[in-house]
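# Chain and residue survey
This is what each chain is made of:
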Amino acid sequence: MKSMTKKEAMAALRGKCVALIRFDDFDTAKAVAHAVAEAGIGAIEVTFTVKDAPRLIRELNDEFGNDVLVGAGTVLSAQQVESAYENGADFVTSPCILPEVGAACKRLDLLCSMGAATANEAYQSYLAGSDLIKLFPGSSIDPDFIEAVKAPLPFLEFMPTDGVDYSNIGHWFESGAYAVGIGSYLTAGIDKDHLTEAASRCKLLLNAIK
């Protein structure tokens, strides 16, 4: 399974909700990924905290084809970047600013999104190789942050992650978010017995930005 190029993934992510899949159990992670994709979420981020994350990335890519982007999250090393790429990840995210991750993504032409929570960190993330700045944790950042920072740094693009829900997703996009990462709002309390609840939360999100 071939990963998207950086340019292709950047274009495909614009305006998307990215569902973070972070579960201890492989089968639960896969079931929730399918549930949210079927509910209309167009991008999935499988975090490396999931057991056997590279295999899950590969299997989801095979099953979704070109209909859903599948990326890797909580990537903390160049080795993990390479593993994600080899298994078809379309993008890589990290909560931290890690030059080795940025360099590996650049070498592989893989979209890179590393963390930041201040204007200075956002610029440092960009310098380290981020194509899309992961604002994390979004629950601690006001949506107006994006508009304020883009005034002096208009070349930066942002993806707030966690803390985004149906009540504020519209504000995030109105303030200039390129995409949004949906974490605990989407998956808290969800398991294989509550997949319809995950789907309902997805629909609330998508309806809020119609």
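The following paragraphs examine the structure supplied in this document. (Residues numbered from 1 in each chain as written. Predicted model: local features only at pLDDT ≥ 70, side-chain atom pairs only at ≥ 80, totals over all residues. Heavy atoms only, no water.)

Moving on: helix α10 (residues 195–208). Because the α-helix completes a turn every 3.6 residues, residues three or four places apart line up on one side. Its 14 residues place the ends of α10 20 Å apart at the C-alpha level, agreeing with the 20 Å of an ideal helix rising 1.5 Å per residue. Burial in α10 covers these residues: A198, A199, R201, C202 and L205. For α10, the angular spread of the buried residues around the axis is 160°, confining them to a single face. Elements that come into contact with the buried residues of α10 comprise α2 (26–38), α8 (169–174), β8 (180–182) and α9 (184–187). (Helix = DSSP H or I, 4+ residues; strand = E, 2+ residues; numbered from the N terminus. Expected span 1.5 Å × (residues − 1). Buried < 20%, exposed > 50% of the residue type's maximum accessible area, 1.4 Å probe, protein only. Arc of directions from axis to C-beta. Contact = heavy atoms within 4.5 Å.)

Further remarks concern the environment of A35. Among the structural elements, A35 can be located in helix α2. Judged by its relative accessible area of 12%, A35 is buried. As a C-alpha pair, A35 and E197 span 162 residues in sequence and 9.5 Å in three-dimensional space. With sequence-adjacent residues up to four places away left out, A35 is seen in contact with L195 and A199.

A few words on the pattern of salt bridges. In this structure the tally under the stated criterion is 9 salt bridges. Here E59 makes a salt bridge to K30, at a shortest N to O gap of 2.7 Å. With E59 in helix α3 (residues 53–64) and K30 in helix α2, this pair connects stretches of sequence that are 29 residues apart. Here the residues in one salt-bridge network are K30, D52, R55, E59 and E63, joined through shared partners. (Salt bridge = Lys/Arg side-chain N within 4 Å of Asp/Glu carboxyl O.)

Moving on, we come to the pairing of strand β5 (residues 111–116). A large share of β5 lies buried, amounting to 6 of its 6 residues. Where burial is concerned, the two faces of β5 agree: the one with L111, S113 and G115 and the one with C112, M114 and A116 are both buried. Across 4 bridges, the pairing between strand β4 (residues 91–94) and β5 is parallel. From the neighbouring strand, S94 faces β5, where its bridge partner is M114. Each parallel crossover has a hand, and for β5 linked through helix α6 (residues 119–127) to strand β6 (residues 133–135) it is right-handed. (Pairing = 2+ DSSP bridges. Right-handed = clockwise from strand over helix to strand, strands pointing away.)

Let's shift gears to the side chain of N87. Residue position: N87 is located in the loop between α4 (78–86) and β4. Take N87: its relative accessible area is 11%, and that puts it in the buried class. Separated by 2.8 Å, the side chain of N87 and the backbone oxygen of S83 make a polar contact. Setting aside its immediate chain neighbours within four residues, N87 contacts P54, I57, R58 and N61. (Polar contact = N/O pair within 3.5 Å; in protein donor to acceptor, adjacent residues only side chain to side chain.)

Here the bond from F136 into P137 is cis, since omega is -5°, no more than 30 degrees from zero. Considering the arrangement of structural elements, one finds P137 in the loop between β6 and α7 (144–150). The phi dihedral of T74 falls on the positive side, at around 50°, and the residue is not glycine. For T74, a relative accessible area of 16% gives the class buried.

Another aspect to go through is the nonpolar core. Buried together is how nonpolar side chains tend to be arranged in soluble globular proteins. Membership of the largest hydrophobic core comes to 62 residues, with the highest contact counts inside it found for V36, I44, V46, V81, V92 and F158. Look past the residues within four positions of V81 in its chain and what remains in contact with it is V75, V92, V101, A104, C105, L108 and L110. If you look at the next biggest cluster of nonpolar residues, it comprises 13 residues, including A9, F91, L111 and M159. (Core = buried A, V, L, I, M, F, W, Y, C linked by side-chain atoms within 4.5 Å.)

Right, let's talk about the packing of aromatic side chains for a bit. For the coordinates displayed, the defined rule picks out 5 aromatic pairs. Note on F145 and F158: the rings are 6.1 Å apart at their centroids and 85° apart in plane angle, and the pair reads as edge-to-face. Taken as a pair, F145 in helix α7 and F158 in strand β7 (residues 158–160) lie far apart in primary sequence, 13 residues in all. Note on accessibility: F145 and F158 belong to one class, buried. When the centroid spacing of 6.1 Å and the interplanar angle of 50° are considered together, the rings of Y166 and Y185 count as tilted. Of the two residues, Y166 is situated in the loop between β7 and α8 and Y185 in helix α9; the sequence distance between them amounts to 19 residues. One aromatic cluster is present, formed by Y123, Y126 and F155 through successive ring pairs. Positioned over the ring face of F26 is R55, at 3.9 Å from the centre of the ring. (Phe/Tyr/Trp six-rings, centres within 6.5 Å; stacked < 30°, edge-to-face > 60°. Lys NZ or Arg CZ within 6 Å of the ring centre and 35° of its normal.)

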